[in-house]
Every structure is written in C-alpha cells, then in structure tokens.
Amino acid sequence: MRNFGTLYGFELKKLLGRKMVWIALAVLTAVSVLLPATEVMGSLYVSEDATGQETRVYTHYARNQYARTDPAGLDGRPYDTALIQEALAALGLAQVMTVPAPDGAEMTIQTVRTPAGTADWSMESDVMRRQYWQVLDTAEAVVGAGNVDETLTGDEFYDALARVRTQKYAALGMTAAEMAWWDARSRELETPFPWTGFAEGWHTAVRTAYTVNVLAMLFAAIALAGLWPQERQRRTDALIGCARYGKAPLYAAKFLAGLTVSVGGAAVMLAGMLGACLGLIGPEGFGAAVQQTLTVTYGAPLSIGKLALIAYGLCLAASAVHGAFVMAVSLVTRSGAAAMAVSFGALLLFILVPALPSRWYALGMLWSLLPGILGVAGYLDPRLVRLGGYLTSLQTAPLLWLAMILVLAALAWALHRRVPAR
Amino acid sequence: MELVIDRLSKQFQAKIAVDRVSLRLGPGVTGLLGPNGAGKTTLMRLICGILKPTAGTVAFDGMDAGSEKYRAALGYLPQDFGYYPDFTGRDFLMYMAALKGLSKAEARRRCGQLLEMVGLADVQKKKVKTWSGGMRQRLGIAQALLNDPKLLILDEPTAGLDPRERVRFRELIAALGRDSVVLLSTHIVSDVEHIAGRVLIMGDGQIVHDGAWDAREDLEAFYLAQFGEEGHDA
C-alpha cells in the first residue's frame, strides 16, 4: 500500500543506524535495571555497644530472600482483629513516648518496641518485625498513629476506613454522584481483605514505573529530536520532497517509525526494570491488594500485580506521546538541538510541578493525567472523569493520550507540509 | 508531453528570485544558463514542487506541480544533495525507489540496471559515506532516473565528474531527451552547446533569452554578450 511498509522499514533503519540511539538506550536501560537492584544491594551494619565497632548482620539480598519465604506465615490471612493483635503482640507495646498533641499540649502514646542492642538484631527477627510493622502501618494509616493498641478490632478498622475514604473524597471536592459510584465499587472489595506475606517485587515494579516514564522521555528526546531536522541538514529533504510518495506517505511512515522507536525503547527499559524487580527481589505476591501495599483507602478491587502491568502498559502509551511531542517540536523549531532543549524543559517542568493546587479541580486533574506526570499517586487518584459513564484515571489516561498523539500528528503534518525544503 | 509554466514568480522577502516566467517545454533537452543568483535553482525547485510559488502555475501534461501524479513523472537531481551516511549505495537507491512508487521487484531490477549504468555496481554494498564526490554525483543521477521520468530536471548533473564521465553522461542525457522533457542547468556551457536543442538564459529572475540552438554556433560568446563583464562565471 503506497510502499508504506518499505518506507517504514527504511525510516526505522535510519533511526536505528545512529550510534547515539543505541548508546542512550544502553545507558538508560542500565539505569532502569539498577534502580530496583539497589533495593537488594548493600548490607545492614550494627554498632557494637561496647567497642563501637560495626558488625555486618546481613546483606539486604539475603534478607530479601528470607522475606520471600514469609517467615511470619501471614500469607492468605484475613486482615482482622486477630492479625492486628498478633502484630502488636509480636512487636510489643513496650515503650511509652510523650509527643506534641495537635492542640499544642503533650500526649502520651505507646510505640512498638525497637531493637535495643546488637543482641536484638538478626536477619530472621528483622524480617519478622518488618512483616508485622507493615500490618500495623496499614492500621495506623486509617485510625491514626497512637490509636493502634490492644483495643483495636477489625470491625473498628473497616468502619474507620469507610469514614476516611468519604473524608478524602470530600476533601478532593468530589460530587455526591461520584462518591456513590466509589461506594458501589468499594462494596466489591473483599472484607476483611486477605493479607499477602511478600509482594515487594511487584510493589517496586509499580513504584519504579514513573522512573521509566521519565527515562523514556529522555530517550525520545535523544532519539527523535533530529528525525526531521536532519533531513534538512543533510539536504535530503529536496530529494524526498519531490518524490511521488515523499509527502503524506513518507510523513506517516516517518511518524510511525518514530513512535516505534520511542515505544520500543521504553519497552526495553521496562523489560529490564521488571526483570530486575521480579528476578532480584521476587515475583511473589502478584495478587496482593493495592490497599495493603500502596493506598489503603483505594475504593475498588485491584491487585498490585495487575496495577504493575497496567502501569507498564501506560508507560508504553506515554512513551508514544513523548515521541509524538518530540517529533512535533522538532518540526516547529526545525532544529534537533532546540527540540531536545524543549523536551528536557518539559521534563523538568513535570518533575518540579508534580501537581497543581486541588482548588483548580479540572485543571489539576488534567495535569495529573499528563503522560509526564502520571505516577503512583495518579494511578489510584479517586477523581473521576465523566465520559458516558464515569472513568477512573487509569481508564481516562490512555484515551487522553491517544487524542494527544492524534492532535500532535495532525499539527506536525500541518507544519511539515508548509515547510519548504532547503 | 509538455511542461507549461505560466507567469511563475517567487519572492523571498524583498528579493524576487523568479519573476513572471512563462514557458512551454516539449520533449528534448533544454539548457538553462545564467549567472549565479539569476534564479535558475529557484526556478527548478518551483518546477519540482519543492518550493511553493508566490504566483503562477506549473503543470505537466495537465497535472499540477503539487500533485502526486506530477511527482510520479518527475526526476530531479539537485545541485547539492545529501545522502544517508549509514546507507549503502544500493540501500539509498532502494529507498528512493520506494519513495518513487516502484514495487520491490521493480526497484531491485531498476537499481541493478542503474548501478551498472553509472558504474557503481561493484561498490553498491559499501556505505555512501566512504564514496568520492564523483561517485555520489553518479548515484544522484541514478536516483533521478529510477522512475523512468518523463520530466527530468537536472541541476549541475556533471559537476564533480571527470572529463570522460562527463562526456558519457552528456550522451546519456541527450538520449533521455528523445522521449522526455529534460531541463538541464549547468555552468559548463559546452555541455549545453552539445546536447541542448533549445537554450534559456536567465538574468535577475527573468528569461532573457529563449531560442533554439544550432550546435555549430558559439554559445559561450553569445552568452557572454548577454551579460557582458558580469557573465564570466557562467
């Protein structure tokens, strides 16, 4: 069909023939692998009380391997009174602390016991403590620090969770209809929700997806900024511009090749990162609820493994938008260096302004859905978009991005056809 | 088979590069001469549809210069064209063939023929960046002929070629002119003298001479007479 496949192949060859593309991909993929790997790098050293000499207790890799065996046996347990009280008993409410109260006075709280000396430290006890701490952290996130004690029951926890959710929705300025939509979804949640013993690999995969998003933006800027300007610099634009398929068919082939390289680069980085997350940290816990691992107030059933796959899918989609953006800017500026500078500027802007004030409801929401912004917080943002029915951010983002790609492609085409060859 | 140029003008800010040029070119080689800055290259780029005219039209057998059909009939060798450093000579021609609408099988056959014709068959698998200027120029000529163009626009086609190659390509251009419209711009007056049946001379964006040429006449002397002292660089 108008030699589209052949032209697409040659455009890919042009892009992939550049050493800079491979160097950038190698470096950024190495960063993608190293980031999750740092979770299991290094060791824990404890200072001996008497001598002050540091002793290595365990390596983080060994601790992680041990944690994967779920030594506390929490996997599959319901998150209820028994589990909360077991965690309290295991950690012990040994210490009493006086802390400033919200009204300015002082209040006394009980805290869990922390290891007092070297004798308390061992890999086995540390892993168990971490497992139980997570149980109590979840309770604290709902009932508040200082309210987790021997009297707390599972029913109280779930009642408080429903209240906290409603307060959160109200604080975000959500309508009654939106709240009712979430209430209906939250009734689908299993209560008490099942606890998972270990899900660190998938948890890290979700947390690091945003980093790949940023790296994919960098890669797109490096790989694609020169796509059109180089034709001008090399003076090949006159040759291709007067060829039969040198206008729209070549533009489409070039644009698609650019998107392919952008998405392909992101896919390589994601594969490296996911491989490191699951290979080095562990693939267990795919089905762990996001309420346990990320946001306890999230009002719909969703597992951390599914969220990781969705996040990676979104990252691939975002990389297509990054690619389209860089190509459009390169056509506007007619300069590879300028296109790269604008792309890096946009990247910095997204990092420096991760969110807009909540009083700008629609603008803030739109900002949070931008492909350079959407991260862990955005995935589980309860704000809804009304499009036919209600859509969550995970459903709205790909639709918005598809529209952005189409608009950028049309804008770039409008500019491209008007720009004369050199 | 006719190229019709009607009151064609191109203005770049305050400079009028091509000024109300009207021409009808039929089959055969037409030579285009003129001093630097006369507007020859701009006129050729307008004919190729690379530049949009400020006013006027260009059509070939009724097809507008902006149309795909027009470009399908067109072969163009720019004065100064680029290449893709990591492409081999064959890659470059196959790419250009795809752009010109040839099927893969047709492209393979035509590339083989043209690489033989321009004497690059033995280096076709080497990257173009390793080639000499003359070899690249021959590659440029080959790409212009890929689609058997009925309208061939050649801007300095023999620049960079050694004398023996120049004569060979001059004969090739003359042969192409038998059943195509060929517009040949060059600073080498003798090339035009030998193969052009008609000569156009441009000055300040306008056609200052348009007429048939008898190879027995001294074109260089005629050309210099048009521009006096200023015509030396033609």
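Fair warning: this is a prediction, and the values are worked out from it, not measured in the lab.

Visitor: Where do I start with the pairing of strand β9 (residues 198-203) of chain B in this structure?
Guide: If a strand is regular, its side chains alternate between the two faces of the sheet. All names here are of chain B. In terms of residue burial, β9 counts as a mostly covered element, since five of its six residues are buried. The pairing of strand β3 (residues 28-33) with β9 spans four bridges and is parallel. What sits directly across from G31, in β9, is V199. Alignment of β9 against strand β10 (residues 206-212), held across six bridges, turns out to be antiparallel. Each residue of the ladder has a partner; that of I201, found in β10, is H209. Hairpin connection between β9 and β10: a loop of two residues separates the two successive antiparallel strands, and D204 in this loop has a positive phi of roughly 50 degrees.

Visitor: Honestly, the packing of helix α2 (residues 19-37) of chain A against helix α11 (residues 248-281) of chain A in this entry has me stumped. Any pointers?
Guide: For any two helices packed against each other, one specifies the crossing angle of their axes together with the interaxial distance. Residue and element names in this part refer to chain A. Running from N to C, α2 and α11 cross one another at 25 degrees; their axes reach a closest spacing of 8 Å. With respect to α11, the axis of α2 lies roughly parallel. Seen along the crossing, α2 lies across α11 with a hand that is right-handed. Contacts from L25, L28, T29, S32, V33, L35, P36 and A37 of α2 reach α11 at G265, V268, M269, G272, M273, A276, C277, L280 and I281. Looking at the contact of α2 with α11 residue by residue, the classes come out as 13 nonpolar, four polar and no charged.

Visitor: Help me understand the interface of chain A and chain B in this model?
Guide: How big an interface is tends to be expressed through the accessible area that disappears when the partners come together. Taken residue by residue, the interface counts 28 residues in chain A and 33 residues in chain B. Taken over both partners, the interface formed by chain A and chain B buries close to 2,600 Å², and the fraction arising from carbon and sulfur atoms is 61%. Together, L239, C242 and R244 of chain A form the three largest contributors to the area buried by chain A at its contact with chain B, with a combined 27%. One can count four salt bridges joining chain A with chain B. Taking the shortest distance from any N to any O, the salt bridge between E68 of chain B and R244 of chain A comes out at 3.8 Å. Taken together, the connections running from chain A to chain B amount to 15 residue pairs in polar contact (both at pLDDT 80 or more). Residue assignment for the side of chain A that touches chain B shows that the elements contributing at least two residues are α1 (4-16) and α10 (237-241) of chain A. The biggest single contributor to the side of chain A that touches chain B is α1 of chain A, with six residues. Here the side of chain A that touches chain B is composed, by residue class, of 11 nonpolar, six polar and 11 charged.

Visitor: Got a minute to help me understand the domain arrangement of chain A in this structure?
Guide: Residue and element names in this part refer to chain A. Domain annotation of chain A identifies domain 1 (4-39 + 198-418) and domain 2 (69-186). Of note, the centres of domain 1 and domain 2, computed from C-alpha atoms alone, are 36 Å apart. Facing the 16 residues of domain 1 at the interface are 20 residues of domain 2. For the pair domain 1 and domain 2, the summed buried area comes to about 1,700 Å², and 61% of that belongs to carbon and sulfur atoms. By the criterion of area lost to domain 2, the three top residues of domain 1 are T297, P382 and Y390, representing 32% of everything that side buries. One can count four residue pairs in polar contact (both at pLDDT 80 or more) joining domain 1 with domain 2.

Visitor: Hey, could you run me through the nonpolar core in this one?
Guide: Considering soluble globular proteins, one finds that nonpolar side chains tend to be buried as a cluster. Residue and element names in this part refer to chain A. Counting residues in hydrophobic clusters, the biggest one holds 72 residues, and the most contacted among them are F219, F255, L307, Y312 and Y379. Broken down by secondary-structure element, the contributors of at least two residues to this core are α1, α2, α7 (176-186), α8 (200-224), α11, α13 (304-333) and α17 (393-418). At 16 residues, α13 tops the list of elements feeding residues into this core. Built from parts of two domains, this core gets at least three residues from each of domain 1 (4-39 + 198-418) and domain 2 (69-186). In this view, F255 contacts W228, A324, M327, A409 and A412; residues no more than four positions away in its chain are not counted.

Visitor: When you look at the pattern of salt bridges in this model, what are you seeing that I'm missing?
Guide: Oppositely charged side chains may form a pair once their charged atoms are brought near each other. Using the criterion set out here, one finds 25 salt bridges over all chains in the structure. The salt bridge involving R68 of chain A is made with E284 of chain A; its shortest N-O contact spans 3.0 Å. With R68 of chain A in the loop between α3 (60-67) and α4 (81-91) and E284 of chain A in the loop between α11 and α12 (290-293), the pair connects residues that are 216 residues apart, well separated along the chain. For R68 of chain A, a relative accessible area of 24% corresponds to the partly exposed category. Note that D6 of chain B and R7 of chain B form a salt bridge whose closest N and O atoms lie 3.0 Å from each other. With a relative accessible area of 27%, D6 of chain B lands in the partly exposed category. The exposure class assigned to R7 of chain B is exposed, which follows from its relative accessible area of 54%. Sharing partners across several salt bridges, the network here consists of E11, K14, E231 and K254 of chain A.

Visitor: Would you explain α13 of chain A in this entry?
Guide: Three or four residues apart is the spacing at which side chains of an α-helix point the same way, because the helix has 3.6 residues per turn. Between its first and last C-alpha, α13 of chain A extends 42 Å over 30 residues, near the 44 Å set by a 1.5 Å rise per residue. Just downstream of α13 of chain A, R334 of chain A is the residue with a positive phi angle, here 55 degrees.

Visitor: I would appreciate a short explanation of the domain arrangement of chain B in the present structure.
Guide: Residues and elements named next belong to chain B. For chain B, the assigned domains are domain 1 (3-73 + 149-231) and domain 2 (79-132). Just the C-alpha atoms count here: the centres of domain 1 and domain 2 sit 25 Å apart. Note on domain 1 versus domain 2: buried area summed over both sides is about 430 Å², and carbon and sulfur give 53% of it. Summed over the shared surface of domain 1 and domain 2, the result is zero salt bridges.

Visitor: Looking at this structure, how should I read the environment of M117 of chain B?
Guide: Residue and element names in this part refer to chain B. With respect to the secondary-structure elements, M117 resides in helix α4 (residues 104-117). Judged by its relative accessible area of 27%, M117 falls in the partly exposed class. Each C-alpha atom of the pair M117 and F169 lies 9.9 Å from the other, and the pair is 52 residues apart in sequence. Setting aside residues no more than four positions away along its own chain, M117 makes contact with L145, R168 and L172.

Definitions and cut-offs
- Residues numbered from 1 in each chain as written.
- Chains lettered and ligands numbered in written order.
- Predicted model: local features only at pLDDT ≥ 70, side-chain atom pairs only at ≥ 80, totals over all residues.
- Heavy atoms only, no water.
- Buried < 20%, exposed > 50% of the residue type's maximum accessible area, 1.4 Å probe, protein only.
- Helix = DSSP H or I, 4+ residues; strand = E, 2+ residues; numbered from the N terminus.
- Pairing = 2+ DSSP bridges.
- Axes fitted to C-alpha atoms, helices over the stretch in contact; angles between N-to-C directions.
- Parallel < 35°, antiparallel > 145°, perpendicular 65-115°, else oblique.
- Left-handed = near helix turned anticlockwise from the far one by under 90°.
- Contact = heavy atoms within 4.5 Å.
- Nonpolar A, V, L, I, M, F, W, Y, C, P; charged D, E, K, R; others polar.
- Buried area = accessible area lost by both parts, 1.4 Å probe.
- Salt bridge = Lys/Arg side-chain N within 4 Å of Asp/Glu carboxyl O.
- Polar contact = N/O pair within 3.5 Å; in protein donor to acceptor, adjacent residues only side chain to side chain.
- Domains from an automatic or database assignment.
- Core = buried A, V, L, I, M, F, W, Y, C linked by side-chain atoms within 4.5 Å.
- Expected span 1.5 Å × (residues − 1).

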